[in-house]
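A look at the structure
Here's the letter readout for the chains.
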Amino acid sequence: MSTVLDIASNGPIRIWTINLPDVGNAITGKDFITEFETAVDDANADTSVCVVILTGTGKIFSAGGNVKEMANRDGMFGLDALDQRHAYIDGIQRVPRALTRLEVPLIGAINGPAIGAGCDLAMMCDIRVASERAWFAESFVQLGLIPGDGGTWFLQRTVGYERAAEMTFTGDRVDAATALQWGMVSHVVPHDELLTEAHALAERISKNPAHALRMAKRLLQESRTGSLESTLGLAAAMQPLAHRDPEHQHRIAKWKTR
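Conventions adopted
- Residues numbered from 1 in each chain as written.
- Predicted model: local features only at pLDDT ≥ 70, side-chain atom pairs only at ≥ 80, totals over all residues.
- Heavy atoms only, no water.
- Salt bridge = Lys/Arg side-chain N within 4 Å of Asp/Glu carboxyl O.
- Helix = DSSP H or I, 4+ residues; strand = E, 2+ residues; numbered from the N terminus.
- Buried < 20%, exposed > 50% of the residue type's maximum accessible area, 1.4 Å probe, protein only.
- Pairing = 2+ DSSP bridges.
- Axes fitted to C-alpha atoms, helices over the stretch in contact; angles between N-to-C directions.
- Contact = heavy atoms within 4.5 Å.
- Right-handed = clockwise from strand over helix to strand, strands pointing away.
- Domains from an automatic or database assignment.
- Buried area = accessible area lost by both parts, 1.4 Å probe.
- Polar contact = N/O pair within 3.5 Å; in protein donor to acceptor, adjacent residues only side chain to side chain.
- Nonpolar A, V, L, I, M, F, W, Y, C, P; charged D, E, K, R; others polar.

1. Section: the pattern of salt bridges
Summed over the entire model, instances satisfying the criterion amount to seven salt bridges. Among the salt bridges present, the one from aspartate 46 reaches arginine 14, with a minimum N-O distance of 3.1 Å. A residue pair is termed long-range when its members are at least 10 positions apart, and aspartate 46 in the loop between helix 1 (29-45) and strand 3 (51-56) and arginine 14 in strand 2 (residues 13-18) qualify at 32 residues. In this structure, glutamate 222 engages arginine 218 in a salt bridge whose closest nitrogen and oxygen atoms are separated by 3.7 Å. Here glutamate 222 and its partner arginine 218 are both found in helix 10 (residues 210-225), four residues apart, which amounts to about one turn of the helix. On the basis of relative accessibility, which here comes to 37%, the residue arginine 218 falls in the partly exposed class.

In structure tokens, the structure reads:
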């Protein structure tokens, strides 16, 4: 039974809700890691799934790392430096690796503060819809730390180097309105309308053929880091598969009758 993620389905839409309100939905413990990996693998294996929504229970999207565990030197925080290095690789760094291999679009419904690793988790989503109560902070340096979960990779690809540098070097909060201005989020909505807006966006996405969505996402990911030639090569390999998908033929036939 899940102890971290509540998972629900609405047709081709899957909803993941982080359910650790007692610790501010902190990214903590082995269960958090393994349940995210399992959720990704299950969504990838179920070809009826077109889109996933990720949100948090309660007032906080995610408080990031468990500061109480850090203060008490519990778990990985009590290890020596070499063992702690491996604990990062074998622990929290599995989350960005898992979410990066998620084949379907991932919408972050940011219901409240996204702090430290919680901010990074939000940046791992393909699209973000934010409550007016949301705010973001890349706050590691305020605790004398650095983003250990890939945040420096994701954040600057979302807001650009200079704004990512400002957030990383100051740790300051970015409110929802500023996040919208900076392109961190696509929409800011009244808090009570957050999930309605996220579902409406998910429904618009899920109206499109599942296989085309998965290939389009893969191509977007390649385009972020690959060369133009590698992106063109991947597109040339994928497009014939799309042409032969029966859903493409159905859509073409339907379009011709408009």
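After presenting the structure, the write-up continues.
2. Regarding the sheet that holds strand 4 (residues 106-110)
Taken together, six strands build an open sheet; the order of strands is 1-2-3-4-6-9 and the sheet is mixed. Each of the sheet's edge strands pairs with one partner strand only, and the pair in question is strand 1 (5-10) and strand 9 (187-189). The average undirected angle you get between the axes of adjacent strands in this sheet is 20°. Against the sheet, helix 1 engages strand 1, strand 2 and strand 3, with an angle of about 175° to strand 2. Packing of helix 9 (residues 194-206) onto the sheet brings it into contact with strand 1, strand 2, strand 3, strand 4, strand 6 (127-131) and strand 9, and relative to strand 4 it is tilted by some 170°.

3. A short note on the environment of valine 141
Among the secondary structure elements, valine 141 is positioned in the loop between strand 7 (135-137) and helix 6 (151-159). Each C-alpha atom of the pair valine 141 and threonine 168 lies 7.1 Å from the other, and the pair is 27 residues apart in sequence. Contact partners of valine 141, with chain neighbours within four places excluded, come to Thr168, Phe169, Thr170 and Gly171.

4. Points about the pairing of strand 2
With six of six residues buried, strand 2 is to be regarded as a mostly interior element. Burial along strand 2 is two-sided: the residues Ile13, Ile15 and Thr17 and Arg14, Trp16 and Ile18 are all buried. For strand 1 and strand 2, the ladder comprises six bridges, and the chain directions are antiparallel. Bridging from a neighbouring strand, isoleucine 7 pairs with tryptophan 16 of strand 2. Summarising the sheet, strand 2 and strand 3 pair through six bridges and their orientation is parallel. In the sheet register, arginine 14 faces strand 3, and the bridge partner there is valine 52. Note on the crossover from strand 2 through helix 1 to strand 3: the handedness is right-handed.

5. Examining the domain arrangement of the chain
If you check the domain split of the chain, you get domain 1 (5-207) and domain 2 (210-254). Just the C-alpha atoms count here: the centres of domain 1 and domain 2 sit 27 Å apart. Tallying the contact residues gives 19 residues for domain 1 and nine residues for domain 2. Summing both partners gives a buried area of about 1100 Å² for domain 1 against domain 2, and 47% of it is carried by carbon and sulfur. Contact with domain 2 buries area across many residues of domain 1, yet Thr47, Glu103 and Arg157 alone supply 34% of it, more than any other trio. Across the domain 1-domain 2 interface, the total number found is two salt bridges. A salt bridge links aspartate 126 to lysine 217; the shortest N-O distance between them is 2.9 Å. There are ten residue pairs in polar contact (both at pLDDT 80 or more) connecting domain 1 and domain 2. Of all elements in the fold, only helix 1, helix 4 (94-100) and helix 6 reach the threshold of two or more residues within the side of domain 1 that touches domain 2. When grouped by side-chain class, the residues that make up the side of domain 1 that touches domain 2 number eleven nonpolar, three polar and five charged.

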